[in-house]
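# Structural characterization, general
Given next are the chains, with one letter for each unit.
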Amino acid sequence: MRHVDIRQKIIKTALSLNETGLSAGASGNVSARVDGGFLITPSGVKYHKLRPEDIVFMDFEGNVIQGNYVPSSEWRFHMDIYNARDYAKAIVHAHPPYCTALACLNKGIPAFHYMVAVAGGKNIRCCRYEPFGTAELSEAVVKALDGRRACLMSHHGMIAYGDNLEKALSLAVEVEVLAQQYQLVLQMGEPELLSDEDMERVMHQFWTYGDNAQKVENEKRRKPRKTWKTGVSYPKRSTFYKRPNEKDGM
Ligand SMILES: [Zn+2]
């Protein structure tokens, strides 16, 4: 069996969906890109019963290559996200309470807090309602993810993706916390939103923060002459925070 380590990480991430409260029971699903396709949790199997061989291997055209079970009924939007965003390496989908509550009002998360930029733009959109498992839902999800790494899904839940399973899960947790905070704020009144300029600035700060800080340093060291002549030059935003083909979408 190939990709045993990634299969184990998928199970660990799926269990974390329960532990973090993002998902109760077996709702939600997790996948990771591998050579020639992606691995995804099977349909209707409780996470604590999952074994590495139960994780389903599918190609990018929707064919099951290997698996003891049928894939999650929501495999289609996983496939379409991987096909539309070659930098998406892992996807987490869940029905967390606060995200889902907002999504049931067809509300996304606006720039009420600077951390909203963690998903890649000035807001986190909510895609239109379409029945689960359909190509129409997939299309709506991919559109809502334009320039974003997470979105809410009307009358359904949320999706987050990232460079790996840990990052996809951690973004999902961040988005759920933002949804909770936004609802607390709404109980007291309508918040004043941060401007596009404020959010652009936050995103610039994110590009040069954490993991990216080291990349910025490496970039400076890699081109010492240019840096010496032109002063401090940060890498283009597309280099680290957003990928070249990730549209701006602000
Ligand atoms: Zn779902």
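Structure: see above.
Cut-offs applied
Here the residue index of a chain counts from 1 through its sequence in written order. pLDDT decides what is reported in this predicted model: residues at 70 or higher carry local features, side-chain atom pairs at 80 or more are listed and counted, and totals for whole chains, interfaces and linings draw on all residues regardless. What counts as a helix is a DSSP run of H or I of at least four residues, what counts as a strand is a run of E of at least two, and both are numbered from the N terminus. Burial in this document is a count-based property: other C-beta atoms within 10 Å of a residue's C-beta are tallied, and the residue is buried at 20 or more, exposed at 12 or fewer, or partly exposed in between, with C-beta positions derived from the backbone. Any pair of residues counts as being in contact when their C-beta atoms, constructed from backbone geometry, are within 7 Å of one another. A set of buried residues drawn from Ala, Val, Leu, Ile, Met, Phe, Trp, Tyr and Cys, joined through C-beta atoms within 7 Å, is what defines a nonpolar core. Expected span, for any helix, means 1.5 Å times one less than how many residues it has.

Turning our attention to the overall build of the chain. Across its full length, the chain carries nine helices and eight strands. When the 250 residues of the chain are sorted by exposure, 40% land in the buried category. Across the chain, every contact between residues at least 6 apart in sequence was considered, and the portion connecting residues at least 24 apart equals 64%.

For soluble globular proteins, the rule of thumb is that nonpolar side chains tend to be buried together. Within the largest apolar cluster, 63 residues are counted, with the highest numbers of intra-cluster contacts made by V141, C151, M158, A160, A168, A172 and V175. Dropping the residues within four chain positions of it, V141 is found in contact with F77, C127, C151, M153 and I159.

This part takes up helix 2 (residues 75–84). An α-helix turns once every 3.6 residues. As a result, residues three or four positions apart point the same way. Of all 10 residues in helix 2, seven are buried; the element is thus mostly enclosed. Within helix 2, the full set of buried residues consists of W75, R76, F77, H78, M79, I81 and Y82.

Let us now look at helix 5 (residues 165–188). Between its terminal C-alpha atoms helix 5 stretches 36 Å, which fits the 34 Å expected from 24 residues at 1.5 Å a residue. Taken together, the buried positions of helix 5 are L165, A168, L169, L171, A172, V175, E176, L178, A179 and Y182. Residues of helix 5 that are buried in the fold lie against helix 1 (4–19), strand 1 (29–34), strand 5 (90–94), helix 3 (97–103), strand 7 (150–153) and strand 8 (157–162). Positive backbone phi, approximately 155°, marks G189, located one or two places after helix 5.

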